[in-house]
Amino acid sequence: MNDCIFCKIIDGTIPSVSVYEDDDIKVFLDISQTTPGHTLLVPKKHVANIFEYDDSLAQTILPKIPVIARAIKKSNPKILGLNIVNNNGAIAYQSVFHSHFHFIPRFADTDSFAMTFKDNSEKYSSDELQEIADRIHENMEE
Ligand code: AMP
Ligand code: ZN
């Protein structure tokens, strides 16, 4: 993946402010610093998004998320909470197509990060909700 910016950060061709790395992951500061301490965790293996994680990769990468989350929280007593964000697909705001998890420390309602969850609950009957749930369940891998 020669033109992947995160592969270049992993191999050192592009500099980054590194927090941690091991055989499987690299953790570095997001250049945007949406809030102070905004950090990215990336698998060293190039996968575009969460849909490409096989069991082995998931079992290697995902347990590291709480470890990094706790380290960030402990790093600054002003951090009150943490959003962990994983964008998959351009429609979902992914702009770098090498899978990554954002860790965005939260300091106040008025800090630079916000998410909107619109409440559409009144638009669904209980049957419609059950149908959606069943379709998801049917598509789960063994
Ligand atoms: P996303 O929009 O979820 O794909 O997030 C991509 C993130 O990568 C953005 O928050 C960028 O600020 C960040 N980013 C892009 N280039 C670099 C870089 N060279 N070093 C650190 N972070 C970067
Ligand atoms: Zn890559």
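Residues numbered from 1 in each chain as written. Chains lettered and ligands numbered in written order. Predicted model: local features only at pLDDT ≥ 70, side-chain atom pairs only at ≥ 80, totals over all residues.

Naming follows an unreviewed UniProt entry, where the chain appears as Bis(5-nucleosyl)-tetraphosphatase (Asymmetrical) of Liquorilactobacillus mali KCTC 3596 = DSM 20444.

Asker: With reference to specific residues and values, describe unusual backbone geometry.
Answerer: Although it is not a glycine, Gln33 sits at a positive phi angle of roughly 45°. Relative to the assigned elements, Gln33 resides in the loop between strand 2 (25–29) and strand 3 (39–43). Even without glycine at this site, Tyr93 takes up a positive phi of about 75°. Mapped onto the secondary structure, Tyr93 falls in the loop between strand 4 (81–85) and strand 5 (101–106). For Tyr93, a count of 9 C-beta atoms within 10 Å puts it in the exposed group. (Helix = DSSP H or I, 4+ residues; strand = E, 2+ residues; numbered from the N terminus. Buried ≥ 20, exposed ≤ 12 C-beta atoms within 10 Å, placed from the backbone.)

Asker: With reference to specific residues and values, describe the site of ligand 1.
Answerer: Around ligand 1, a shell composed of Ile5, Ile14, Ser16, Asp30, Ile31, Ser32, Asn87, Tyr93, Gln94, Ser95 and Val96 is seen. Taken together, the residues of the shell around ligand 1 break down into five nonpolar, five polar and one charged. (Near = placed C-beta within 6 Å. Nonpolar A, V, L, I, M, F, W, Y, C, P; charged D, E, K, R; others polar.)

Asker: Quick rundown of the sheet that holds strand 3? Include the residues and the values.
Answerer: Spatial ordering of the open sheet is given by 1-2-3-5-4, a layout of five strands whose pairing is antiparallel. Because the sheet does not close on itself, it has two edges, and the strands there are strand 1 (18–21) and strand 4. Shown here is a sheet whose adjacent strand axes are inclined to one another by a mean of 15°, direction ignored. The pairing of strand 4 with strand 5 spans five bridges and is antiparallel. For Leu82, the partnering residue across the bridge sits in strand 5 and is Pro105. (Pairing = 2+ DSSP bridges. Axes fitted to C-alpha atoms, helices over the stretch in contact; angles between N-to-C directions.)

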